[in-house]
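Reading the structure
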Amino acid sequence: MSDPKTPPPLPAAPVTGPGSPRDMPPLPGQFPVDPATLPGAIRDELEAPDPVALDTSAAELKDGLNRCPKCGATDVRLKLGTDVLVCQYCRHEWHGARVEEEFGLGEGLDQLRGTVIASGARDIEADAASLMSFKCTGCGAEVTVNTETTMTARCHWCRHVFGVNEQVANGAVPDAVLPFHIGKEDAVARIRQFVDKRRLFALKAFKEQFTPENVVGVYLPYMIVDGNASAAVAGKGEIKTREYTRGSGNDRKTYYDADVYQVNRQVDFTVDDLPLESSTERGNLDTRVNTNNIINTILPFDTKNALKWNASYLLGFTSEKRNLDVERMRPRLEDQLLSIARAQVAGSVRRYDRGVRWEREQLEVHGTRWVSMYLPVWLYSYHQPGRNGGMLHYIAVNGRTGETMGSVPVQQWKLLLAALATGSFIESLVLWFLVVAS
């Protein structure tokens, strides 16, 4: 037998089969091939910097207790109409930190490179639990919070209030929150006024069941994105040189002559606080089944005033979890950036009075910064029965500005009757003018 302390001899020839050193993956930072020999798109992806995490976690709230800095009580809630937290025991008030100032989010937009992801916007782990448990330090009881619908709970023994402040991996805890300014009574009045203006054509069942007091204050999940990008567009622009008609009567047609030019534009730009829905449900804008699109009509929100995350702002309200990661939202962002780029160059092509038809577009995103945020919306819903599950109508009120928009189900026959009556009235006016003129 060979000596066990003696290492085995090296092979006579280099090992090249599976499992050999040659078959092992390269060390971090190394490439098995020269990146310069790869196609441009693959080379750019390999050499792109890794996403950078921006830590926005609140270490002081990790135990779930938000204590009053004056008396130590945990019964803390938002003072409606302000961004101030108030202690329900000693009435002490204090203002949370703005994320814009706390983490320098308004700075260096033109210097953004790569992908910067705040800690509350990190990828969601598929197996992360929705139930969060806390050990009450007051009495030792266990307090459970279901993050699917709420972020706070009260200990039923000692009355301590717990909030989910630790940035867990299930998408429930964002980086920032924009508190409600509009109260429920104000929201109810705005929704009632909105519906009253449209009551004439509203569905009878809707009018009978309309109860705006059932409106719900909900924090909706958004990604707030800063970006640094460049775009190039190319197409054909036309300038009209002559307009003339040919034929007569019903065969009379108008023709245009125009000079056609090749148009090329390039623009460098930055975007600041672009909001994107980070919920699959709210991002579904299929108008055959819901009217989610009305939520976009109550934008913008004053996201510059968003505060560092604290679950106490959500006490008394409900919330919806984020379920989209950054990579899944990137195509939506690129569509938005291209739209912004077209708007940026629109002023430089006004001389083409027949318009410009863009035929080629190219977008290069130099850098982005992603921050997860809860935005406040008062939401009233009504389900209209019908084929394929019917239609879910929403009326939404911006929880900061009071901007209101919505969808009211209508009686189709009333609209048709009104259209026919309007058409007959216009025809009567035309005939009257013809008689007077003759």
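Everything quoted here is computed from the prediction, not taken from an experiment.

Some details on the overall build of the protein
- For the protein, the helix and strand inventory stands at seven helices and 17 strands.
- When the 438 residues of the protein are sorted by exposure, 40% land in the buried category.
- Counting only carbon and sulfur atoms, one obtains 53% of the accessible surface of the protein, whose full area is about 25,100 Å².

Focus on the nonpolar core
- Met151, Phe206, Tyr219, Trp309, Tyr313, Leu314 and Trp378 are the most contacted members of the largest nonpolar core, which has 47 residues in total.
- Of all the secondary-structure elements, those providing two or more residues to this core are β2 (76-78), β3 (84-87), β7 (142-146), α3 (184-196), β15 (356-384) and β16 (391-398).
- A per-element tally of this core places α3 first, with five residues.
- In contact with Tyr313, not counting residues within four places along its chain, are Leu78, Asp83, Leu85, Gly96, Val177, Pro179, Tyr219, Leu307 and Lys308.
- Counting residues in hydrophobic clusters, the runner-up holds 24 residues, among them Leu178, Leu220, Ile294 and Ile295.

A look at the side chain of Asn66
- For Asn66, the location among the structural elements is in the loop between β1 (52-54) and β2.
- Judged by its relative accessible area of 7%, Asn66 falls in the buried class.
- At 3.4 Å, the side chain of Asn66 and the side chain of Asn310 are in polar contact.
- Within the local environment of Asn66, its side chain forms a polar contact with the side chain of Ser312, the two groups lying 2.8 Å apart.

Quick notes on the pairing of strand β12 (residues 253-277)
- Across 23 bridges, the pairing between strand β11 (residues 216-246) and β12 is antiparallel. Paired with Val225 across the bridge in β12 is Leu274.
- Linking β11 back to β12 in an antiparallel pair, the connection comprises six residues, with Gly247 at a positive phi of about 85°.

A word on the confidence of the model for the protein
- Here the protein averages 84 in pLDDT, and 85% of its residues register 70 or above.
- Between the elements of the protein, mean pLDDT differs from a low of 54, seen in helix α7 (residues 412-437), to a high of 96, seen in strand β10 (residues 176-177).
- A low-confidence stretch, residues 434-438 (pLDDT under 50), is modelled with zero contacts involving residues beyond four sequence positions or located in other chains.

Here we look at the sheet that holds β3
- Pairing is antiparallel in the open sheet, where three strands are placed in the order β2-β3-β4. Only two strands of the sheet have a single neighbouring strand rather than two, namely β2 and β4 (93-95). The average undirected angle you get between the axes of adjacent strands in this sheet is 30°.
- Across three bridges, the pairing between β3 and β4 is antiparallel. Residue pairing for β4: Leu85 is matched across the bridge by Trp94.

Concerning helix α6 (residues 326-346)
- The end-to-end C-alpha distance of α6 is 30 Å, a good match for the 30 Å that 21 residues give at a rise of 1.5 Å each.
- At Arg332, α6 is bent by approximately 25°, the largest bend along its length.
- Of all the residues in α6, the buried ones are Val326, Met329, Arg330, Leu333, Leu337, Leu338, Ala341 and Val345.
- For α6, the secondary structure elements touched by its buried residues are β5 (114-118), β11, β12 and β15.

A word on the packing of aromatic side chains
- In the structure shown here, the tally under the stated rule is 12 aromatic pairs.
- With centroids separated by 5.5 Å and ring planes inclined at 80°, the aromatic side chains of Phe210 and Tyr380 adopt a geometry described as edge-to-face. In this pair, Phe210 sits in the loop between α4 (204-209) and β11 while Tyr380 sits in strand β15, placing the two residues 170 residues apart along the sequence.
- A centroid spacing of 5.9 Å and a plane angle of 65° characterise the contact between Phe317 and Trp378, whose relative ring orientation is edge-to-face.

Structural notes on the environment of Gly355
- Structurally, the position occupied by Gly355 is in the loop between α6 and β15.
- On a C-alpha basis, the gap between Gly355 and Ile239 in space is 7.8 Å, while along the polypeptide they are 116 residues apart.

A short note on the pattern of salt bridges
- Tallying each qualifying case throughout the model produces 21 salt bridges.
- Of the charged contacts in the structure, one is a salt bridge between Arg332 and Glu277, with a shortest N-O distance of 3.0 Å. Remark: Glu277 occurs in strand β12 and Arg332 occurs in helix α6; sequence separation between them is 55 residues.
- On the accessibility criterion, Glu277 (7% relative accessible area) is buried.
- One salt bridge connects Glu320 with Arg282, and the closest N-O pair in it is separated by 2.7 Å. With Glu320 in the loop between β14 (318-319) and α6 and Arg282 in helix α5 (residues 280-283), this pair connects stretches of sequence that are 38 residues apart. Across the pair, Arg282 and Glu320 agree in class, each one buried.
- Each of Glu100, Asp272, Asp273 and Lys304 takes part in a single network of salt bridges with overlapping partners.

Thoughts on the environment of Lys321
- Considering the arrangement of structural elements, one finds Lys321 in the loop between β14 and α6.
- Relative accessible area serves as the criterion here: at 16%, Lys321 is assigned to the buried category.
- For Lys321 and Thr149, which are 172 residues apart along the polypeptide, the C-alpha to C-alpha distance reads 7.8 Å.
- Beyond its immediate chain neighbours, meaning those up to four positions away, Lys321 contacts Ser130, Thr147, Glu148, Asn170, Gly171, Ala172, Pro221, Ser279 and Tyr374.

Re the pairing of β11
- Strand direction decides the pairing type here: β11 and β15, joined by 22 bridges, are antiparallel. Within β15, the residue paired with Val233 across the bridge is Glu361.
- Relative to β14, β11 is paired through two bridges, and the arrangement is parallel. Directly across from Val218, in β14, lies its bridge partner Thr318.

Definitions and limits used
- Residues numbered from 1 in each chain as written.
- Predicted model: local features only at pLDDT ≥ 70, side-chain atom pairs only at ≥ 80, totals over all residues.
- Heavy atoms only, no water.
- Helix = DSSP H or I, 4+ residues; strand = E, 2+ residues; numbered from the N terminus.
- Buried < 20%, exposed > 50% of the residue type's maximum accessible area, 1.4 Å probe, protein only.
- Areas by Shrake-Rupley, 256 points an atom, 1.4 Å probe, with all protein chains shown as cover.
- Core = buried A, V, L, I, M, F, W, Y, C linked by side-chain atoms within 4.5 Å.
- Contact = heavy atoms within 4.5 Å.
- Polar contact = N/O pair within 3.5 Å; in protein donor to acceptor, adjacent residues only side chain to side chain.
- Pairing = 2+ DSSP bridges.
- pLDDT = per-residue confidence, 0-100.
- Axes fitted to C-alpha atoms, helices over the stretch in contact; angles between N-to-C directions.
- Expected span 1.5 Å × (residues − 1).
- Bend = angle between axes of the 7 residues up to and from the residue.
- Phe/Tyr/Trp six-rings, centres within 6.5 Å; stacked < 30°, edge-to-face > 60°.
- Salt bridge = Lys/Arg side-chain N within 4 Å of Asp/Glu carboxyl O.

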